[in-house]
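Given next are the chains, with one letter for each unit.
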Amino acid sequence: VIPITRRMTLLITTAALVPFVVFGAVAWDTVGRSTRSSVIANHKALVARGADAVRLYLESSFRLLGAAAADMHGLGLHQWQQERVLSNYVVELAEFRELALFDSAGRVIASSSLGPTTLSPQMDTPPGGRTIRPVELDEDLLPRTQVTHRFRDDPSFYLVAELRLEELWHIIDGIRVGTSGYAVLVDDSGRIVADGSRGGKERVARGDRLTAHPLLGQDDIGRRTDALYRAADGRDTLSVAASVQAVPWRLLIEQPVHEAFAASRHLEGTLLLFVALALLGNILIGVGAGRSLLRPISDLLKGIDAIGQGRLHERVHVTRDDEFRQLGDAFNAMADRLGALQQATIRQERQAMFGRIAAGLVHDLSHPIQNINNNCKLILQMHEDPEYRANFTRLVKREFGTIQRTFEDLRNLARPIPLERFPVDACKLAHDVVDRMATQASVAGLSLEAVTPAGVTLHLDGDLFALLRVLRNLVLNALQATAPGGRVWVEVDGDDQHVRLHVRDTGCGIPADRLQAIFEDFVTTKRRGLGLGLAISKKTVEEMGGALRVTSVVGAGTHFVSEFPRSTQPPRVG
Amino acid sequence: VVAVVWLLTLAGGCDTPRQDAGAPGGVPLTIGLSGRGVALEPIVQPLIREKLVTTGPDGRPAPGLIAEWSTSADGLTWDLVVRADAQWHDGTPVTAGDVAHLLQAQIDRGETPAGLWDVDRVEPLDARTLRLQLRAPSSLLLEALTLSRGLAVGPFVDGQEPDGDADTPVLLLNPRHATASAVTRITFRHYDSPRAAWAALLRNDIDFLYEVSDEARSFLERAPGIHVSSFIRPYVLTLGLNNRHPVLRHTSVRRALNYAVNRQALLEKDYGGRGLVATGHAWPFHWAADTSVTPYPFDPAEARRLLDAAGLPTVVRQDGPPSRFRVTCLVPVQFERVARRLQHAYAEVGVDLHLELMAQEDIEARLASGTFEAFLQPVLSGYDRTILYQLWSGQSRGRFVDFGYTAAAGAAERMRRARSDEDVRDTFRAMQRVHFDDPPAVFLIWAHTARAVGPRFEVPDENDRDILSSVTQWRPAASAALEAR
């Protein structure tokens, strides 16, 4: 059974914990989602800015190409002048590796290169427009692309530029996220144009393509802009993408998940710590408050327990000024009254006992004394009669025996005789008692016999004289409770563990409502006596490790049985 | 490059390297070269051979195979002592006779460095000592020994198969070499362009990029595991001028061409500021150099004034821009951008620099034949004075490019005959002054030369020194570190 204090503590803490746990779970989920969303949004903003920077660079290159075309158009420049203009652009601007001017037949008119040009115009470029070739690997195995600008006013001329894509590497290298996040620029086929990762230049120089990237599938271009995936290096990676306007390229930002969401995890951890500490605090406060609140109940329980154990002097001390104090005061008042009642009862009991003892003594002693007194008067007259003298002697001896037993009982009650235990033959004991009491049974007109098992020796460890006293007392009670013509017998039996001495009679029996009280001091069913015999007998039997029980049927008889542990030691010789 | 090839050729002795084996297995090293015409001799020879005398960046000689030297009071007798532990590749001790044979063979060929021109007799005195008897004292004798190819006692041996490609030699570690080198085999790979070469390094196709172009340097420096180191080589980027040209023969014209160039801008734009603006052909870090000499300032107005004063008016031409005169400049592909910049600079003062892109080997042939007007490429100066003397002394002997310039001949000769450090200092500075007052060419930049080592190797920190010189100390990168890269 769970004590009420513990239940109250559980109730209080649970009532406080549940909202906290719910709050923690909801906050955990909300913080996780919102911070992750925030990280992805920031990455998207960053990749958009990066893509815009690439766009600006490319558009700047296109504008410079247009400016070069404008410098060369309509001015009637000689070829050497055109070459100087083109070489000027190449020397001064890092954007171009080479520039070349072509006619409508695709023939080179002028080139910035001192050697043969590797450029070729894209002839389907619309007048005034420009086209950009797909990225390809050049003879140096590095990515390159060419832009063709077709003159608007004179569509028969094409100005072609090879972009120095390595310049884009600087832009891409400048895009960093955290310590490990980097940017990758890829064309529409997934070929890496620029890579800001460690070892990224190797990938560019190898002409690698990101073919299996979740954001670069044909169906995904322009649709998905973020993904969590397992990268080739085995790390879980957050990737966001943005398209570069003006060219069919995409810019990716990649960052290991553990780093990208580090702030989110930190927040979650902080929240978890906060909730855990709050829960712990709640539990401690709940336990403390519950104990404080319920301490008076505990004190009251202890007080009640003490009262139950008879310690009526115990009191509870409730210092709080609330209902518990009233309850404590009421309890203490009740205990005070109980104490007073107990004292009164003890006094009454003592007075009653003295009365009973006095009455018993008067009763037990007055009859023999009266008998002795009467016979003493007669002896003066009949002292010559030898038969009377013999009867007188026998009567005086008997009555003094009665008086002596009364005193022995009282002395035994006040100061029990120490027991000395030795193996005792139960059957012999029964026969001995029957032999000693046979005269009294005969005088009373009763049959008294011992019934013992034949050929069996049953020993018990006990004080022989105490056992004789117990059995004699039980037999005497039976003789006194049985009408003449009745029967009293002492029976012995036993088993491997026990030895039992039965005293049975066919007397008047004991009413059931008095049966349990007959072993108490000063309780008797007889007209005469202090009522100490059975109480002393029971006590004596129990001191020898046995038990004394009684069953009785009114009008049919009574059966006392004293049961002892069977002795395993042989009896002492002599 | 031309000078080095020339010098190595003329200094090449008849000594036959005695070798018996190369170490099999080990860690191979592949060196990438930016261009088909890159000379391998300057790379290969220091790995195979050891010089008789070495020289540091300050131009002072230091012991090499020759451990000690002494000279007589009249400077005509030199005794050289061979290092005691010097051994050929097969373990045979190097003797004074071996060194004497090497020098005598070079002298007999007649194309020795200037320091040996005065040697009359070479004779071994004992197993380790040889004596050089000179007809006249020469302050360039020890420098000549630094320019000698040396003997084949270096850490590597030539492992080329008889039918192998001469352009891709194979070097094997000499198993008897005292240094426990992790690199046991060296091969070479040529690329058409610097860009292709550094892309190959990024792909780990090669382990070592001999020359890193400026455009690639920033990428390579950021690439994980790639170690870039640089140093100033004794080569000055030069717009060489043929002083026999009817216009270029005038001092004022050459001075005008020097004023017309913004060297600092060139250094900033094309070399990322890594290098030193040149004041002349003399090695600026030589112990005897006058460091107060300043480069020609960028002064186009002064250039125009000088050209006007030289009677060179601007005239309109049908086949080119209006100009005072036209000069054809031979340009190797890697210097096209610099050449374009010079072209624009000279156009500003009315000089038409006509650029002619040409392969390196073709340029060398043109320079050797003297059929050029101008050229643009680095010119060797060396850490000491021999090249300075040979180029500008006016003597055809030992001159790998004939500029047709004689103004410094007297100063050069005095420098050769200097007898004391004071004399060396005075004559060296006299050469600097002559070159400033009457410049034979337009000396532009002492550019940093960058080398790059790929992630497969861990190398010592060798900035301001050629990292290849420590190749025997390179170690394979730990696999974990390599993986991380």
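Residues numbered from 1 in each chain as written. Chains lettered and ligands numbered in written order. Predicted model: local features only at pLDDT ≥ 70, side-chain atom pairs only at ≥ 80, totals over all residues. Heavy atoms only, no water.

Digging into the interface of chain A and chain B
Part 1: With 32 residues of chain A at the contact, the number on the chain B side is 32 residues.
Part 2: Approximately 2,800 Å² of surface area, both sides summed, lies buried where chain A meets chain B, with 51% of it carried by carbon and sulfur atoms.
Part 3: Considering only the surface of chain A that becomes buried against chain B, A:Arg84, A:Val91 and A:Leu114 emerge as the three largest contributors, covering 26% of it.
Part 4: Seen at the junction of chain A and chain B, the total is four salt bridges. (Contact = heavy atoms within 4.5 Å. Buried area = accessible area lost by both parts, 1.4 Å probe. Salt bridge = Lys/Arg side-chain N within 4 Å of Asp/Glu carboxyl O.)

Examining the environment of B:Ser181
Residues and elements named next belong to chain B.
Part 1: Within the fold, Ser 181 resides in the loop between strand E9 (170–173) and strand E10 (183–191).
Part 2: Ser 181 sits 25 residues away from Phe 156 along the chain, and the two C-alpha atoms are 9.9 Å apart.
Part 3: A distance of 2.9 Å separates a polar atom in the side chain of Ser 181 from the backbone oxygen of Val 183. (Helix = DSSP H or I, 4+ residues; strand = E, 2+ residues; numbered from the N terminus. Polar contact = N/O pair within 3.5 Å; in protein donor to acceptor, adjacent residues only side chain to side chain.)

What to know about the sheet that holds strand E18 (residues 547–553) of chain A
All names here are of chain A.
Part 1: Strand order in the open sheet formed by five strands is E14-E16-E17-E19-E18, and the pairing between neighbours is mixed. If you trace the sheet from one side to the other, it starts and ends with strand E14 (447–451) and E18, each paired once. When strand polarity is set aside, the average angle formed by the axes of neighbouring strands in this sheet is 15 degrees.
Part 2: Pairing of E18 with strand E19 (residues 557–565), which is carried by seven bridges, proceeds in the antiparallel orientation. (Pairing = 2+ DSSP bridges. Axes fitted to C-alpha atoms, helices over the stretch in contact; angles between N-to-C directions.)

Comments concerning helix H8 (residues 263–271) of chain B
Part 1: The complete set of buried residues in H8(B) reads B:Arg263, B:Leu266, B:Leu267, B:Asp270 and B:Tyr271. Here the buried residues of H8(B) occupy an arc of 100 degrees about the axis, which is enough to place them on one side. (Buried < 20%, exposed > 50% of the residue type's maximum accessible area, 1.4 Å probe, protein only. Arc of directions from axis to C-beta.)

Examining the sheet that holds strand E7 (residues 129–134) of chain B
Residues and elements named next belong to chain B.
Part 1: Here four strands make up an open sheet; going across it, the order is E4-E5-E7-E6 and the pairing antiparallel. Strands with a single pairing partner mark the edges of an open sheet, and in this sheet they are strand E4 (66–71) and strand E6 (119–124). Looking at each pair of strands side by side, their axes are set apart by 20 degrees on average, direction ignored.
Part 2: The pairing of strand E5 (residues 77–82) with E7 spans five bridges and is classified as antiparallel. Paired with Trp 78 across the bridge in E7 is Leu 132.
Part 3: Each of E4, E5, E6 and E7 is contacted by helix H3 (residues 96–109), which is oriented at about 155 degrees to E6, the strand it contacts most.

Here we look at unusual backbone geometry
Part 1: Even without being glycine, A:Ala246 reaches a positive phi, approximately 85 degrees.
Part 2: When you line up the elements, A:Ala246 lands in the loop between strand E11 (236–244) and strand E12 (249–256).

Examining the packing of aromatic side chains
Part 1: Following the criterion strictly, the structure yields 17 aromatic pairs over all chains and no others.
Part 2: Both rings, one in B:Trp392 and one in B:Phe443, keep their centres 6.3 Å apart while their planes meet at 90 degrees; by these two values the pair is edge-to-face. In this pair, B:Trp392 is assigned in helix H12 (residues 386–392) and B:Phe443 in strand E18 (residues 442–453), connecting sequence segments 51 residues apart.
Part 3: For B:Phe443, a relative accessible area of 4% translates into the label buried.
Part 4: Each member of the aromatic cluster is reached from another via a ring pair, and the members are B:Phe372, B:Phe375, B:Trp392, B:Phe403, B:Tyr405 and B:Phe443.
Part 5: The positively charged end of A:Arg36 is found above the aromatic ring belonging to A:Phe261, 5.2 Å away from the centroid.
Part 6: Directly above the ring of A:Phe519 sits A:Lys538, whose terminal nitrogen or CZ lies 5.7 Å from the centroid. (Phe/Tyr/Trp six-rings, centres within 6.5 Å; stacked < 30°, edge-to-face > 60°. Lys NZ or Arg CZ within 6 Å of the ring centre and 35° of its normal.)

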